[in-house]
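# Tertiary structure, described
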Amino acid sequence: MRGRTAITAAGLLALTACSTGPSLENRGAVTASPGDSHHLTIGTAGFTESDLLAQLYAQLLNQAGYKTSIITVANRELYEPALEAGQIDVVPEYAATLADWLNAKTHGADAKPVGSPDLDATMKALRNLAAPRGLTVLPPGRAVDQNAFAVTADYARRHHLKTLSDLGASKLKVRLAAGDECVQRPYCEPGLRKVYGIDITGVDPKGVGTTQAKRAVQDGRDQMVLTTSTDATLDRFGLVLLADDKHLQNADHVVPVVNRARAGSAGVAKALGRLNDVLTTADLADMNRQVDSWRRLPADVARTYLQDKGLLK
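## So, the overall build of the protein chain
Summing up its helical and strand segments, the protein chain has 13 helices and 11 strands in all. Counting only residues that meet the buried cut, the protein chain has 53% of its 313 residues in that class. In the protein chain, the proportion of contacts linking residues at least 24 apart, taken out of those at least 6 apart, comes to 77%.

Here you go:
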């Protein structure tokens, strides 16, 4: 990495306001030849996993001959327009989440979601929404960061639970620690009831994957917690994930998204594509753990990982 900068909201808005990147009214820019700037700015949303992915991207691009800098913009409402405008060239994103976000931006907040558990359908929708904005969505890898549900290891052992289907078949009554929106979101309480037949007796509004939510399950006040598939702290609370064996959750595979006019070249795609061959969900969770629990720097964790996988000299 050549450098890292934290950009304020006002500063980023000023940059995007005076830029001349592709717009929906300038469709010709979308079909122009992909650009190959050799100094690329990589955006991170400022949480551990996003920082790690940005570091992985930067180090792979550096080895491929690009100079890179990293900026932190914690709000998608700011970094996505900056990506369109060419003030940011590359960001790590999540397929279904970005597809739905761009769909709402394009068609309104009430637009029917286009993200789904079907990765191919989700990627097609995402690329159709991204292309008119001058963005190219590179191929997804195996790593997925999606909603996931965890119980205590003891609870899973006593009731012979490995999957959410097992929990539904058990007919156990389950109080779920989650965000208060869980009672309405189709991937949460309604989906658990409809898809898996799980008897949810109530939602304890302690947030998604928070310490308070995990402790409530650890202490037996709740039986299950909504978290994410790359949560690195489950072991600390004696928790294990139950497999989403009927694929309730959307395909939130990690995908690099680039500004086509500046970073749409085959060289960028090739450099970042090398990560797809090795990076798994478990790898992301392990790297998150090293940063959050072991207090290692994201740059050091990323470098060690790439070296161990033979992707960095």
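## A look at the environment of Lys 173
Tracing the chain through its elements places Lys 173 in strand E7 (residues 173-178). In the structure, Lys 173 is positioned 29 residues away from Gly 202 in sequence and 9.4 Å away in space, judged by C-alpha atoms. The contacts of Lys 173, once residues within four sequence positions are left out, are Tyr 155, Asp 199, Thr 201 and Gln 223. A distance of 3.0 Å separates the side chain of Lys 173 from the side chain of Asp 199, its partner in a polar contact.

## So, helix H13 (residues 298-308)
Those residues of H13 that fall on the buried side of the exposure criterion are Pro 298, Ala 299, Val 301, Ala 302, Tyr 305 and Leu 306. Taken down its axis, H13 places every buried residue within 165° of arc, on the same side. In this structure, the buried residues of H13 make contact with helix H2 (48-63) and helix H12 (281-292).

## Some remarks on the pairing of strand E4 (residues 90-94)
Burial runs high along E4: 5 of the 5 residues are buried. The two faces of E4 match: Val 90, Pro 92 and Tyr 94 on one face and Val 91 and Glu 93 on the other face are all buried. Where E4 and strand E11 (residues 254-259) come together, 5 bridges link them in antiparallel fashion. Considered in E11, the bridge of Val 91 is made with Val 257.

## Observations regarding the packing of H2 against helix H11 (residues 266-273)
In contact at an axis separation of 9 Å, H2 and H11 are set at 125° when each is read in the N-to-C sense. When the interaxial angle is binned, H2 and H11 end up oblique. Of the two elements, H2 crosses H11, and the hand of that crossing is right-handed. Facing H2, whose interface residues are Tyr 57, Leu 60 and Leu 61, H11 presents Val 268, Ala 271 and Leu 272. Broken down by class, the residue content of the contact of H2 with H11 amounts to 6 nonpolar, no polar and no charged.

## Description of the sheet that holds E7
One open sheet holds the 5 strands; their spatial order is E8-E7-E9-E6-E10, and the pairing between them is mixed. The open sheet has two edge strands, strand E8 (199-205) and strand E10 (239-242), and neither has a second partner. Strand after strand, the sheet turns through a mean of 40° between neighbouring axes, direction not considered. Strand direction decides the pairing type here: strand E6 (residues 147-152) and strand E9 (residues 224-228), joined by 4 bridges, are antiparallel. Bridge pairing in E9 places Ala 150 opposite Val 225. Contacting E6, E7, E8, E9 and E10, helix H9 (residues 211-218) runs over the sheet at an angle of about 145° to E9.

## With respect to the layout of surface pockets
Of the voids in this model, the largest pocket is the one considered here, and its volume is about 1,200 Å³. If you trace the largest pocket, you find 44 residues lining it, with Thr 97, Asp 145, Gln 146, Asn 147 and Asp 252 closest to the centre. Of all the secondary structure elements, the ones that give two or more residues to the lining of the largest pocket are strand E2 (39-44), H2, helix H3 (76-85), E4, helix H4 (95-107), E9 and H12. Of the residues assigned to the lining of the largest pocket, the class counts are 15 nonpolar, 18 polar and 11 charged. Of the pockets and cavities examined, the second largest pocket occupies roughly 160 Å³. Split into classes, the residues belonging to the lining of the second largest pocket amount to 4 nonpolar, 5 polar and 1 charged.

## A short note on empty space enclosed by the protein
Considering all chains together, one arrives at 2 cavities of 30 Å³ or more under this definition. Volume-wise, the largest cavity comes out at about 70 Å³. Lining the largest cavity, in full, are Tyr 57, Gly 141, Arg 142, Ala 143, Val 254, Val 255, Pro 256, Leu 275, Asn 276 and Leu 279. Ranked by the residues each element gives to the lining of the largest cavity, the list is headed by E11, at 3 residues. Considered class by class, the residues forming the lining of the largest cavity number 7 nonpolar, 2 polar and 1 charged. Its volume calculated, the second largest cavity comes out at about 30 Å³. Arg 76, Tyr 79, Glu 80, Leu 83, Val 91, Glu 93, Leu 98, Leu 135 and Val 257 together form the lining of the second largest cavity. Of all the secondary-structure elements, those providing two or more residues to the lining of the second largest cavity are H3 and E4. With 4 residues, the top contributor of residues to the lining of the second largest cavity is H3. A class-by-class count of the residues in the lining of the second largest cavity yields 6 nonpolar, no polar and 3 charged.

Thresholds, definitions, all that
- Residues numbered from 1 in each chain as written.
- Predicted model: local features only at pLDDT ≥ 70, side-chain atom pairs only at ≥ 80, totals over all residues.
- Heavy atoms only, no water.
- Helix = DSSP H or I, 4+ residues; strand = E, 2+ residues; numbered from the N terminus.
- Buried < 20%, exposed > 50% of the residue type's maximum accessible area, 1.4 Å probe, protein only.
- Contact = heavy atoms within 4.5 Å.
- Polar contact = N/O pair within 3.5 Å; in protein donor to acceptor, adjacent residues only side chain to side chain.
- Arc of directions from axis to C-beta.
- Pairing = 2+ DSSP bridges.
- Axes fitted to C-alpha atoms, helices over the stretch in contact; angles between N-to-C directions.
- Parallel < 35°, antiparallel > 145°, perpendicular 65-115°, else oblique.
- Left-handed = near helix turned anticlockwise from the far one by under 90°.
- Nonpolar A, V, L, I, M, F, W, Y, C, P; charged D, E, K, R; others polar.
- 1 Å grid on protein atoms, 1.4 Å probe; cavity = no way out; pocket = protein on both sides within 12 Å on 5 of 7 lines; lining within 4 Å.
- Points joined across faces, edges and corners; volume = space filled by probe spheres on them.

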